[in-house]
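# Coordinates in review
The residues making up each chain are set out below.
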Amino acid sequence: MQRFRFAKDGDVAQDIRDKYNYDGDLLAHYTSIKNGVVHKWHHYIPLYDRYFARWRGKPVRFLEIGVRNGGSMDMWRKYFGDDALLYGIDIDARCARFDGRAAHIRIGSQDDVAFVNEVIDEMGGVDIILDDGSHHMDHVPVSLAALFPRLSRGEVYMIEDLHTAYLHRFGGGMHRDTNFFNMVRRMCDNMHRWYHKKPLRFPDFGEEISGIHIHDSVVVIEKDPVHPPQHSWVGSEAQE
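A brief structural summary. The shown structure was predicted, so the numbers you read here are calculated from the model rather than taken from an experiment.

This part is about the pairing of strand β7 (residues 218–223). Among the six residues of β7, five are classified as buried, and the element is accordingly described as predominantly covered. Sheet topology note: the strand β5 (residues 151–159)/β7 ladder contains four bridges and is antiparallel. Bridge assignment links Tyr157 to a residue of β7, and that residue is Ile221. The turn linking strand β6 (residues 209–215) back onto β7 is made up of two residues, and Ser217 within it adopts a positive phi angle of 70°.

Further remarks concern the layout of surface pockets. Leftover empty space is mapped by rolling, across the atoms, a probe with the size of a water molecule. The calculated volume of the second largest pocket comes to roughly 160 Å³. The wall of the second largest pocket is formed by Met1, Arg3, Phe4, Trp41, His163, Tyr166, Leu167, Asp216 and Ser217. Taken together, the residues of the lining of the second largest pocket sort by class into five nonpolar, two polar and two charged.

Counting along an α-helix, one turn takes 3.6 residues, and residues three or four places apart therefore face a common direction. Between the first and last C-alpha of helix α7 (residues 180–191) there are 17 Å, a value that for 12 residues agrees with the 16 Å anticipated at 1.5 Å per step. Along α7, the positions that sit buried rather than exposed are Phe180, Phe181, Met183, Val184, Met187 and Asn190. On an axial view of α7, the arc spanned by its buried residues comes to 145°, and they lie on one face. Residues of α7 that are buried make contact with α6 (140–147), β5, β6 and β7. Taking the backbone nitrogen of Phe181 as reference, a side-chain oxygen 2.9 Å away marks Asn179 as the first, capping residue of α7.

With that settled, the discussion passes to the sheet that holds strand β1 (residues 61–65). Taking strand neighbours across the sheet as the criterion, the seven strands line up as β3-β2-β1-β4-β5-β7-β6 in an open arrangement whose pairing is mixed. In this open sheet, the two edge strands, each paired with only one partner strand, are β3 (104–107) and β6. Neighbour-to-neighbour, the strand axes of the sheet open up by a mean angle of 15°, direction not taken into account. Sheet analysis places β1 next to strand β4 (residues 126–131), joined by four bridges and oriented parallel. Looking at β4, one finds that Phe62 is bridged to Ile128. Packed on one face of the sheet, helix α3 (residues 44–52) meets β1, β4, β5, β6 and β7 and runs near 175° to β5. The sheet strands contacting α7 are β5, β6 and β7, and the helix crosses β6 at an angle near 145°.

Conventions and cut-offs
- Residues numbered from 1 in each chain as written.
- Predicted model: local features only at pLDDT ≥ 70, side-chain atom pairs only at ≥ 80, totals over all residues.
- Heavy atoms only, no water.
- Buried < 20%, exposed > 50% of the residue type's maximum accessible area, 1.4 Å probe, protein only.
- Helix = DSSP H or I, 4+ residues; strand = E, 2+ residues; numbered from the N terminus.
- Pairing = 2+ DSSP bridges.
- 1 Å grid on protein atoms, 1.4 Å probe; cavity = no way out; pocket = protein on both sides within 12 Å on 5 of 7 lines; lining within 4 Å.
- Points joined across faces, edges and corners; volume = space filled by probe spheres on them.
- Nonpolar A, V, L, I, M, F, W, Y, C, P; charged D, E, K, R; others polar.
- Expected span 1.5 Å × (residues − 1).
- Arc of directions from axis to C-beta.
- Contact = heavy atoms within 4.5 Å.
- Polar contact = N/O pair within 3.5 Å; in protein donor to acceptor, adjacent residues only side chain to side chain.
- Axes fitted to C-alpha atoms, helices over the stretch in contact; angles between N-to-C directions.

Geometric descriptors of this kind do not, in isolation, establish any biological role.
Pasting the structure below:
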């Protein structure tokens, strides 16, 4: 992805301001990281703020899959504040050195269902999940199936870097069944189950998908109880 890399001597903050009309606190936190390294696509920064802002200054339970160089956990600590309970998981044992700096770090694989459930148990539940892990088509659905049922109602599960759904080395491909966006398409069928007679493809969590948002390389799945749709005619001259 070198062809998309921003110039080393470029002004990252100004690029994000100009292109995405965003100048919130998270931009400053991202561009001022000095303890560790954080790597993000520029359009992610306003998306994070859009979906996570209501938890700032509150005791949010936040899990990030993928720690890598540790900088993102410092960014999230500055963004959410001291009351947040932050956890990160990574398969790389070297990430253990970041444990306790800005968050709790646990070492294990995102497709190890027992491991990820142990982490959620330790957290006492989870309000936001951000999958910035392997980005591999064999791993993303496993983590989602294991963790979405553990997510608090009214909260969000965000998966990023999903351009990998089109890359063979990540198990993806434009027309391959393993492309994660094919799974998202079936989730849409679940959401519209009232209008067709096909069985639920994801019975373990399909009935609580209240919304799906797709952005460039990002999918955000909202969890809430979903009720059968109803419509009404309202007004003095309403016609049945």
